[in-house]
Amino acid sequence: MATDRLSLLLYRSLLLGTAAVALGLGVAAGLDAPTITPEHQLTGYWRAYGLLVFAALSAYLGATPPGAAVLWLVVIFHKASMTMTAVLLLRHDVTGAPAAAAVDGAIAVATLIALGLRWPAARAARPDRAEAAGPTGVRTPATVPHAA
């Protein structure tokens, strides 16, 4: 159980840490967007909103008991697609692509590590369920005593 608790701590630290980074980057992008040339302002705001939405999703996953499988798919798809887009734009010397590839790639890796910790973290977050499981990890069925 100690390793499960450590997994839960690491799981939450990774998710809340990536949420904090994304929140900071989103706020910075939002503040920077008005200074961008008009033809690129929409992209600047789009980036800010995307980072803020990712921060909210990541914070939600880190603050609640491990679960929400569909939400995991959304979060991982978002960071993986942003990383791949930035990597593909590297060959065209697009401004900001190297930083985006590094930051989004690091966040994607941290998110995948947190996903790997999801199951032991879930055991630590819900010890009552882990104790109810038998030695094989299968929960014993509840029985209802017959009325006398």
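Everything below is about the structure shown above.
These numbers come from a predicted model, not from an experiment.

Engineer: Help me out: how do you make sense of the overall build of the chain in this one?
Structural biologist: Within the chain, the secondary structure is distributed over six helices and zero strands. Ordered by position in the sequence, the α and β elements of the chain form the string α-α-α-α-α-α. For the chain, with 148 residues in total, the buried portion stands at 30%. For the chain, the proportion of contacts with a sequence separation of at least 24, taken over those separated by at least 6, is 69%. Taken as a whole, the chain presents about 9400 Å² of accessible surface, with 71% of it coming from carbon and sulfur.

Engineer: Just to check I follow, could you spell out helix H2 (residues 38-63) for this structure?
Structural biologist: An α-helical turn contains 3.6 residues, so a residue and the one three or four places further along point in the same direction. Here H2 is 26 residues long and its end C-alpha atoms lie 38 Å apart, about the 38 Å a rise of 1.5 Å per residue gives. What H2 keeps buried is the set Gly44, Ala48, Leu51, Phe54, Ala55, Ser58, Leu61 and Gly62. Buried-residue contacts for H2 involve helix H1 (2-32), helix H3 (69-89) and helix H4 (97-116).

Engineer: How should the layout of surface pockets be read in this particular structure?
Structural biologist: If a probe the size of a water molecule is rolled over the atoms, the empty space left behind becomes visible. In this structure, the largest pocket encloses a volume near 820 Å³. Residue lining of the largest pocket: 26 residues in total, with Thr43, Arg47, Thr95, Gly96 and Ala100 positioned closest to the centre. When residues of the lining of the largest pocket are traced back to their parent elements, those giving at least two are H1, H2, H3 and H4. The leading source of residues in the lining of the largest pocket is H2, at seven residues.

Engineer: Could you clarify how one ought to interpret the packing of aromatic side chains in this entry?
Structural biologist: Both the distance between ring centres and the angle between the ring planes are used here to describe each pair of aromatic rings. Scanning the entire structure with this criterion turns up two aromatic pairs. Between Tyr45 and Tyr49, the aromatic rings sit 6.3 Å apart at their centres with planes inclined by 25°, giving stacked as the arrangement. Of this pair, Tyr45 and Tyr49 both sit in helix H2, four residues apart, which is roughly one turn of the helix. On the basis of relative accessibility, which here comes to 28%, the residue Tyr45 falls in the partly exposed class. Between the NZ or CZ atom of Lys79 and the centre of the ring of Phe54, over which it lies, the distance is 4.8 Å.

Engineer: How should the side chain of Ser7 be read in this particular structure?
Structural biologist: In this fold, Ser7 is placed in helix H1. The contact partners of Ser7, leaving out residues within four places of it in the chain, are Leu117, Pro120 and Ala121.

Engineer: Help me out: how do you make sense of the pattern of salt bridges in this one?
Structural biologist: Pairs can form between side chains of opposite charge once their charged atoms are near each other. Using the criterion set out here, one finds two salt bridges in the structure. We note a salt bridge from Asp4 to Arg123, for which the minimum N-O separation is 2.9 Å. Residue Asp4 is located in helix H1, and its partner Arg123 is located in helix H5 (residues 118-125); the two are separated by 119 residues in the primary sequence. Of the charged contacts in the structure, one is a salt bridge between Asp104 and Lys79, with a shortest N-O distance of 2.6 Å. Highlighted residues: Asp104 in helix H4 and Lys79 in helix H3, separated in sequence by 25 residues. With respect to burial, Asp104 and Lys79 carry one shared label: buried.

Engineer: Got a minute to help me understand the packing of H1 against H2 in this structure?
Structural biologist: Describing two packed helices takes the angle between their axes plus the distance from one axis to the other. The contact between H1 and H2 brings their axes to 7 Å, and the two run at 160°. Put simply, H1 runs roughly antiparallel to H2. Our pair here, H1 against H2, has a crossing hand that is left-handed. The residue inventory of the contact of H1 with H2, partitioned by class, reads 18 nonpolar, six polar and two charged.

The rules behind the values
Residues numbered from 1 in each chain as written. Predicted model: local features only at pLDDT ≥ 70, side-chain atom pairs only at ≥ 80, totals over all residues. Heavy atoms only, no water. Helix = DSSP H or I, 4+ residues; strand = E, 2+ residues; numbered from the N terminus. Buried < 20%, exposed > 50% of the residue type's maximum accessible area, 1.4 Å probe, protein only. Contact = heavy atoms within 4.5 Å. Areas by Shrake-Rupley, 256 points an atom, 1.4 Å probe, with all protein chains shown as cover. Expected span 1.5 Å × (residues − 1). 1 Å grid on protein atoms, 1.4 Å probe; cavity = no way out; pocket = protein on both sides within 12 Å on 5 of 7 lines; lining within 4 Å. Points joined across faces, edges and corners; volume = space filled by probe spheres on them. Phe/Tyr/Trp six-rings, centres within 6.5 Å; stacked < 30°, edge-to-face > 60°. Lys NZ or Arg CZ within 6 Å of the ring centre and 35° of its normal. Salt bridge = Lys/Arg side-chain N within 4 Å of Asp/Glu carboxyl O. Axes fitted to C-alpha atoms, helices over the stretch in contact; angles between N-to-C directions. Parallel < 35°, antiparallel > 145°, perpendicular 65-115°, else oblique. Left-handed = near helix turned anticlockwise from the far one by under 90°. Nonpolar A, V, L, I, M, F, W, Y, C, P; charged D, E, K, R; others polar.

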